[in-house]
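What follows is the residue order along each chain.
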Amino acid sequence: MTRNEHLALEEGTVTETSESDKQLWTRLWKLTVLPKVRVFWWRVLRGILPVESTLRHRHIATIARCKVCKGADEDMVH
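These figures come from a predicted structure and were not determined experimentally. (Residues numbered from 1 in each chain as written. Predicted model: local features only at pLDDT ≥ 70, side-chain atom pairs only at ≥ 80, totals over all residues. Heavy atoms only, no water.)

### Considerations on the confidence of the model for the chain
The predicted coordinates of low-pLDDT regions are not to be read in fine detail. Residues at a pLDDT of 70 or more form 78% of the chain, whose mean pLDDT is 79. Predicted confidence in the chain is weakest over helix H1 (residues 3-11), with a mean pLDDT of 62, and strongest over helix H3 (residues 35-46), with 88. (pLDDT = per-residue confidence, 0-100. Helix = DSSP H or I, 4+ residues; strand = E, 2+ residues; numbered from the N terminus.)

This is the structure we're talking about:
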């Protein structure tokens, strides 16, 4: 991944996508679900959900620990 692509992902901006990525986004936006569900999955796939580790990386939160279990950093997987 180039530096520009990495910065674009952090900012949530659009970069060039491959054909398979275009198909993924097309399928996502054509799903027959509530719009908020499509937006949620768009955020999951882009990695821009406001989880604690992301908020800490952006200097919004002071710690990245999960507020429920306090045992691990809260990221997309946790």
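### Topic: the packing of aromatic side chains
Per the stated rule, a full pass over the model turns up one aromatic pair. Here Phe40 and Trp41 contribute two aromatic rings whose centre-to-centre distance is 5.4 Å and whose plane-to-plane angle is 80°, an arrangement assigned as edge-to-face. Here Phe40 falls in the partly exposed class, since its relative accessible area comes to 38%. Residue Trp41 is classed as partly exposed on the basis of its relative accessible area of 42%. (Phe/Tyr/Trp six-rings, centres within 6.5 Å; stacked < 30°, edge-to-face > 60°. Buried < 20%, exposed > 50% of the residue type's maximum accessible area, 1.4 Å probe, protein only.)

### Some remarks on a nonpolar patch on the surface
A surface patch of nonpolar side chains, about 520 Å² in accessible area, is lined by Leu31, Val33, Leu34, Val37, Phe40 and Trp41. Here Leu34 lies in the loop between helix H2 (19-30) and H3. (Patch = residues over 30% accessible without salt bridge, like charges linked within 9 Å, V, L, I, M, F, W, Y side chains within 5 Å. Areas by Shrake-Rupley, 256 points an atom, 1.4 Å probe, with all protein chains shown as cover. Salt bridge = Lys/Arg side-chain N within 4 Å of Asp/Glu carboxyl O.)

### Things to note about H3
Taking 1.5 Å as the rise per residue, H3 with 12 residues should run 16 Å; its terminal C-alpha atoms sit 16 Å apart, in good agreement. After H3 finishes, the residue Gly47 shows a positive phi value of roughly 75°. (Expected span 1.5 Å × (residues − 1).)

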